[in-house]
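# Summary of structural features
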Amino acid sequence: MYQATCLKKIIPFLLFFAFSSTFAQKPKDILPARISVNLNQNWSFAKDPSKQVSSLNLKDLKWAVVHIPHTWNAFDVMDDVPGYYRGIGWYKKKLSLKPEWKNKKIYLYFEGANQETTVYLNGKKAGYHVDGYNAFRIPLENLKFDGSDEVAVKVDNSFNESIAPLTADFTFFGGIYRNVSLWVLQPVHFEDNLYASKGVYVHGDRVSKTGAEVVVNGNLINSSKTVKKLSIVTTFSDAAGKKIEEVKSSVTADLNQLISFKQPVIAVKQPNLWSPENPYLYQASTRLLEAETGKVLDEVKVSVGLRFFSFDAEKGFFLNGMPYKLIGASRHQDFEGMGNAVPSALQVKDITLLKGVGGNFLRVAHYPQDQAVLDACDRMGILTSVEIPIVNEITETEDFYRNSRNMQLEMIKQNYNHPSVIIWAYMNEVLLKMKFNNDPERKQKYLTNIATLAQSLEDLTRATDPTRYTMMANHGDINGYTKAGLTKIPMLIGWNLYQGWYGGKSEDFGPNLDKIHQLMPDKPILVTEYGADADPRIHAAEPIRFDKSLEYAMLYHQIYIKDILKRPFVAGAAVWNLSDFNSETREETMPHVNNKGLLTLSRKPKNTFYLYKANFQTKPFVKIGDGSWTLRGGLANTGANQSIQRLQVISNTDTVELWVNGKSLGKKNTVERLSNWEVAFKNGKNEIRAVSFVNGVKIEDRSTIEFQVIPKALANFKAINIVLGSQRQFIDEQKQEIWFPSQPYQPGSWGHNGGEAFKIKNSGRQSYGTDKNIRGTFNDPIYQTQLLGLESYQLDVPKGKYEVTLHFAELMGNGIQSVLPYNLDSLIAVSKDVPEQRIFDVYLNDKLVIKNINIAATYGIANSVQKKFECIVADDRGIKILFKSIKGKPVLNALQVKKIN
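Residues numbered from 1 in each chain as written. Predicted model: local features only at pLDDT ≥ 70, side-chain atom pairs only at ≥ 80, totals over all residues. Heavy atoms only, no water.

### Looking at the pairing of strand E20 (residues 296-304)
Pairing between strand E19 (residues 282-290) and E20: 8 bridges, direction antiparallel. Along E20, the bridge assignment pairs Gln283 with Ser303. Taking the residues between adjacent antiparallel strands as the criterion, E19 and E20 are bridged by 5 residues, where Gly294 takes a positive phi near 75°. (Pairing = 2+ DSSP bridges. Helix = DSSP H or I, 4+ residues; strand = E, 2+ residues; numbered from the N terminus.)

Written out as structure tokens, the structure is:
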């Protein structure tokens with residue numbers, strides 16, 4: 001039996017009478033209706049690599065105390081050993097239960113554990129959950145309440161063909177990596193027994209600038225021993241807590257009956273509309289009461305943002321009736337040294353950084369994340385899309401399909417109440433890792449099964465939440481997705497586009513967008529990924545594609561920003577990625593890290609971060625470069641102690657004046673948010689100041705740059721670090737070392753004689769070097785380039801004693817050198833990477849110091865090797881290193897020379 005009433009229509013006297021017992025003074029021993037107890041501290045943890053341990057013989061494991069959030073992969077994903085632990089981990093904890101909870105319903109609530117979780121209570125199985133990214137809860141029955149109750153949690157992040165993601169360009173960290181709590185509820189409470197939400201759903205309907213309706217519905221359950229007559233009361237208040245309206249419904253609940261309810265619609269006149277500029281949040285408090293006594297049995301509070309929005313294939317996105325370009329980033333959840341076990345406060349900091357850069361959109365990718373993230377988006381005004389992790393490929397089994405549909409439902413139910421969410425998504429680059437390429441008939445069946453799964457997820461999503469849009473994100477194979485029928489299924493299409501990175505030129509990006517729009521003029525589109533790797537340690541005076549320099553990333557993003565903004569049909573764009581993130585299978589200049597972030601893995605801003613801030617944040621600011629390049633160096637070109645080098649100022653002001661060591665270099669207009677200055681840096685500290693004035697207010701940034709000037713003639717130098725076969729500069733901040741690219745030798749200076757830069761044949765990527773993981777070093781870029789076939793290296797140093805260090809690594813070998821799936825470039829052929837037999841001698845000032853070195857045979861492939869020698873220069877010939885071939889071409893990767901006295 002169900003009855004609904006609007007309390008506003010009842011006279012005040014009757015309202016007071018009906019609820020007098022509810023608002024009477026409560027005894028101090030009455031518990032809150034809904035209790036949540038944090039259980040993060042002091043768990044025992046052990047790995048079970050044998051996979052043979054059961055809940056009954058846990059004593060056989062080696063236990064250690066850990067705190068939640070926790071992952072067992074925080075460090076092994078960063079070592080030089082390929083792969084990381086994907087297996088079983090056990091957690092156990094004694095529960096401290098209060099006697100007054102004996103007649104309550106008690107649940108363990110997990111905000112995230114990856115990826116299969118089995119919970120045991122006192123040795124007996126209590127529940128099981130599949131999926132590594134949604135929350136779940138496990139009921140605890142038959143508790144003893146004598147201090148001996150113990151939960152054991154088995155978590156398994158092993159590969160499972162029935163669980164997405166199967167493969168991806170991110171790491172599948174294992175563990176209980178988000179908060180765990182104990183929920184203590186009344187026997188009669190709001191309930192979502194399948195999807196771990198709180199059982200109450202609130203959204204705005206018929207929202208406009210003049211009015212809105214607030215719809216509240218949900219489920220409740222009666223687990224008590226008697227039939228219950230209940231009242232459901234929703235109080236709707238403004239942000240200051242002032243009540244706007246209160247509505248009521250009544251229900252009679254039989255035993256163990258799950259009952260759906262819908263409250264009378266709440267009308268709001270002249271709503272304060274939610275937007276990124278005005279993230280106004282109303283409050284809806286829904287209470288479950290005993291009808292006769294007015295006792296509160298449960299209460300769920302929801303923040304409500306009233307907004308209306310739409311997507312148009314020609315004109316883009318509209319928010320509250322106004323055209324609105326979505327600009328922001330995608331986000332992975334891991335952090336340096338923590339893996340994905342990141343405290344909520346740090347997760348929220350990411351949203352603060354995105355807001356500070358002027359972003360209004362977050363693609364929560366490629367999986368649902370901590371509730372604190374969407375809570376922050378609600379508060380700060382960041383529009384979001386959220387997706388489940390069907391990435392690269394699918395498994396054609398009913399188990400995979402069922403798990404995918406369940407993930408989608410959990411995601412929607414758990415995140416339904418967030419006004420920031422405007423898009424539900426369900427596949428990312430699903431054709432990237434294509435199967436059955438040699439069997440056209442079987443391949444077509446696979447494509448049909450992908451489309452069938454996509455359609456089932458689409459239908460499920462629209463039926464569950466018709467208030468939001470649906471989306472699928474595709475890589476640049478436009479014809480493939482179109483032929484597979486996938487572009488017709490979702491309401492929106494996201495395109496992950498990387499012209500100028502994985503292939504082509506950055507200038508191809510805009511025309512490619514036009515082509516997509518012409519091919520599907522009725523489909524709204526977003527650019528859901530774009531980016532270029534930017535290793536914060538690498539700089540290049542002449543940046544080129546795939547050199548991983550910050551300078552190339554700046555050029556790339558300038559083009560993309562301009563092309564996105566000039567096209568109204570592009571509804572929005574999300575940079576890949578907000579921050580660098582772990583991807584264990586990657587090699588690159590910083591192995592195991594995807595460096596496309598605007599921030600580093602430890603959340604330090606790069607220059608690209610400030611470029612976006614200059615373009616999209618309205619508050620005036622000035623920034624000298626990226627703020628972190630404070631250790632620089634260059635060759636002398638204006639005298640012995642000065643080097644002219646470009647310095648970039650990033651600003652959203654019209655003009656900037658630059659001061660260097662107390663002297664003004666004048667003013668310059670900013671062009672596309674940048675002004676470039678040719679600065680004569682002196683050796684040592686350089687004080688830099690950039691100044692702008694906006695409406696008479698001074699805007700300023702300061703930086704102290706330590707500059708190392710390398711003179712052409714090494715008369716008074718102390719040390720020099722040189723990388724060969726490279727056109728980029730590398731900064732080792734830990735050792736405070738600058739590594740300069742080599743140069744051809746000229747008398748009176750230093751450099752190489754002969755040789756050619758190493759390049760992988762048919763790579764189609766970087767024009768020099770490799771991206772192999774070099775074992776035994778954190779400074780991979782030093783060893784990832786080399787000169788092949790060099791004859792000698794000469795440094796015209798004065799008399800004295802020197803330490804000479806030669807750095808080697810064999811870059812050819814390890815069988816097949818191929819493009820990994822995430823490179824998104826089908827134009828690159830797979831090629832054999834066959835090691836060349838090379839044996840050579842090395843002479844230092846005519847003295848044989850290395851005989852018959854065979855790097856591959858002696859040290860293996862892609863291992864860093866250092867050979868250090870002392871050398872006394874007693875004449876004017878300086879230092880000459882001679883390379884004599886026995887077989888094949890000699891190589892040298894890097895060279896260090898230090899004066900000892």
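### Overview of the sheet that holds strand E45 (residues 737-741)
Read across the sheet, 7 strands follow the order E31-E44-E45-E43-E56-E48-E53 without closing on themselves; strand pairing throughout is mixed. Pairing within the sheet leaves two strands with one partner each, and these edge strands are strand E31 (538-539) and strand E53 (865-873). As paired strands, strand E48 (residues 800-808) and E53 are joined by 9 bridges and run antiparallel to one another. The partner of Gly800 across the bridge, within E53, is Val873.

### With respect to the packing of aromatic side chains
Applying the stated rule across the entire model yields 33 aromatic pairs. Between Phe170 and Phe172 the ring centres are 5.3 Å apart and the planes differ by 75°, which places this aromatic pair in the edge-to-face class. Assessed through its relative accessible area of 6%, Phe172 is described here as buried. Each ring, one from Phe609 and one from Tyr610, has its centre 5.3 Å from the other, and the planes form 90°; the classification is edge-to-face. (Phe/Tyr/Trp six-rings, centres within 6.5 Å; stacked < 30°, edge-to-face > 60°. Buried < 20%, exposed > 50% of the residue type's maximum accessible area, 1.4 Å probe, protein only.)

### A look at the confidence of the model for the chain
On average, residues of the chain score 92 in pLDDT, and 93% of them are at 70 or above. With pLDDT under 50 throughout, residues 815-822 is counted as low confidence; its partners more than four residues away or in other chains account for 24 contacts. Here residues 825-831 is modelled with pLDDT under 50, and outside its nearest four sequence neighbours on either side it reaches 16 contacts, counting other chains as well. (pLDDT = per-residue confidence, 0-100. Contact = heavy atoms within 4.5 Å.)

### Quick look at unusual backbone geometry
Ile68 connects to Pro69 through a cis peptide bond whose omega is 5°. With respect to the helices, strands and loops of the structure, Pro69 is situated in the loop between strand E4 (64-66) and strand E5 (88-94). Here the phi dihedral of Lys548 falls at roughly 65°; this positive angle occurs in a residue that is not glycine. Along the chain, Lys548 falls in the loop between E31 and helix H8 (550-565). For Lys548, a relative accessible area of 3% translates into the label buried. The phi dihedral of Glu588 falls on the positive side, at around 65°, and the residue is not glycine.

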